[in-house]
Amino acid sequence: MRAVVTGGAGFVGSHLCERLLAQENEVVCVDDLSTGRAENIAPLLDHPRFRFLHQDVTEGLEIPGRVDAVYHLASPASPRDYLRLPVETLLVGSYGTRNALELARRDGAAFLLTSTSEVYGDPQVHPQPESYWGNVNPIGPRSVYDEAKRFGEALTAAYRRTHGVRATIVRIFNTYGPRMRADDGRAVPAFVTQALDGLPLTVTGDGKQTRSLCYVDDLVDGLVSALESGVPGPVNLGNPEEVTVRELALAVREVCGSASPLTFVPRPEDDPQLRRPDISTARRELGWEPRTPLAQGLDRTVAWFRDAASLREEAVPTLAA
Ligand code: NAD
């Protein structure tokens, strides 16, 4: 199979590229490196079945040769990134998704849209099943991401209905693991780097708001199964094990063997209070559920962050288009 992964140099995308290569596929990674990093895919550059194309998918997708699958991940994903890139986020969710769908349509390829639990906004139904339509502020600062993804879902559903594209929508809940950027503002990398540096762990609000955290390898299993299944979705992919943000900070501190205190800082606007996926659909349609316990996933993540300082000192390769 020849798969295109948009956003393949990002956190999730680079793990997906690795997995697809390990499964004997040919992989074309398309990325503009706006929030991803060259070093995420540096080990893959010499692989005979891997190709990197430095392209902004908002501008168009020029992929020579036939394509069997399109995994569309390109989009800023962390709140810090999409608040810094608001218009770009709306455009990659709209034009970028259109261009990725057109590529799948051109070759009759299977298509996967990586949507998000953010389409549920600050949910009034808990846990969130796919049938819940969400509670999104359409003009708040987070709307650039939430509404871009909601539009992307609508466009994907329309391409399936109108053009017969074999398109699947998945809604990803908070995912963590190696290769998250220390400065992306998400809770796990923030807590891990603070704990390792002996700094206070900055818990937002009173820390009683919840998150459900899925280890990246489990998520990648779900992405591949979802595309291969051809089900329309949407399908929630996430870990139903729910923890408060305060509990998460304490768990990270323990894995790091750190004595850092917790400090409480204001919560961002429209920050959701509760987050937990109902994954009955994924279990039923894909036979998927996460397998990595939080403690084990945090162990692997912390080990990677411990090494990251030395990795960062290595020269960053130049990527040819
Ligand atoms: P990331 O920022 O690490 O990766 C996104 C990648 O897309 C980056 O490499 C970035 O450079 C690239 N990109 C952005 N705009 C682009 C453009 N216009 N053209 C080409 N490339 C572009 O984020 P991630 O956490 O790996 O997220 C991947 C996908 O999964 C995103 O679509 C995100 O919305 C979705 N998602 C992730 C999570 C999570 O917890 N990580 C949760 C929900 C949804």
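Up top is the structure these notes are about.
All chains use their own residue numbering, which begins from 1 and follows the written sequence. For a predicted model such as this one, the threshold for reporting local features is a pLDDT of at least 70, and the threshold for listing and counting side-chain atom pairs is 80 or more; totals across whole chains, interfaces and linings nevertheless cover every residue. Values shown for side chains rest on all heavy atoms present in the structure; no hydrogens or waters enter the calculation.

Enquirer: Teacher, can you tell me more about the site of the ligand here?
Expert: Throughout this document, a residue counts as near a molecule or strand when at least one of its heavy atoms sits within 4 Å of that molecule or strand. Around the ligand, 31 residues are found, and the nearest of them are Asp31, Thr35, Asp56, Leu73 and Tyr145. Residues adjacent in sequence count toward polar contacts only when both atoms are side-chain atoms; beyond that, a polar contact is any pair of N or O atoms within 3.5 Å, and within protein one must be able to donate a hydrogen and the other to accept it. In this structure, aspartate 31 approaches the ligand through a side-chain N or O atom, which is 2.5 Å from an oxygen atom. For the ligand, an oxygen atom lies 3.0 Å from a polar atom in the backbone of serine 34. For the accessible areas, the method is Shrake-Rupley and the probe is 1.4 Å, while residue cover comes only from the protein chains on display. Computed on the free molecule, the ligand has an accessible area of 820 Å², of which 96% lies beneath the protein chains in the complex. A run of H or I in DSSP counts as a helix once it spans at least four residues, and a run of E counts as a strand once it spans at least two, with each numbered from the N terminus. Of all the elements in the fold, those that place two or more residues in the shell around the ligand are α1 (11–22), β5 (110–116) and α5 (143–163). With three residues, β5 is the largest single contributor of residues to the shell around the ligand. Each residue gets one label: Ala, Val, Leu, Ile, Met, Phe, Trp, Tyr, Cys and Pro are nonpolar, Asp, Glu, Lys and Arg are charged, and the others, such as Gly, are polar. Here the residues of the shell around the ligand are counted per class, giving 13 nonpolar, 13 polar and five charged.

Enquirer: Whenever I open this one, the sheet that holds strand β4 (residues 69–72) confuses me. Can you help?
Expert: Sheets are built from strands paired through backbone hydrogen bonds, the pairs being either parallel or antiparallel. The strand order across the open sheet built from seven strands is β3-β2-β1-β4-β5-β6-β11, with neighbouring strands paired in parallel fashion. Each having just a single partner strand, β3 (50–54) and β11 (235–237) make up the two edges of the open sheet. Taking each pair of neighbouring strands and ignoring which way they run, the sheet shows an average axis angle of 20 degrees. One requirement defines pairing of two strands: DSSP has to find at least two bridges between them. The sheet contact formed by strand β2 (residues 26–31) and β3 spans five bridges and is parallel. Residue pairing in the sheet places cysteine 29 in a bridge with phenylalanine 52 of β3. Between the N-to-C directions of two axes lies an angle of 0 to 180 degrees, each axis being a line fitted to C-alpha atoms and, for a helix, fitted only over the stretch in contact.

Enquirer: I would appreciate a short explanation of a nonpolar patch on the surface in the present structure.
Expert: A grouping of Val87, Leu91 and Tyr95 is seen on the molecular surface, where their side chains present a nonpolar patch of about 270 Å² in accessible area. Inspection of the secondary structure puts leucine 91 in helix α4 (residues 86–107). Given a relative accessible area of 32%, leucine 91 falls into the partly exposed group. Residues form patches when they are more than 30% accessible in relative terms and have no salt bridge. Like charges link within 9 Å. Nonpolar side chains (Val, Leu, Ile, Met, Phe, Trp, Tyr) link within 5 Å. Salt bridge, as used here: a side-chain nitrogen of Lys or Arg that lies within 4 Å of a carboxyl oxygen of Asp or Glu. Relative accessibility under 20% of the residue-type maximum defines a buried residue, over 50% an exposed one, and the middle range a partly exposed one, all with a 1.4 Å probe and only protein chains included.

Shape descriptors only; they carry no functional weight alone.
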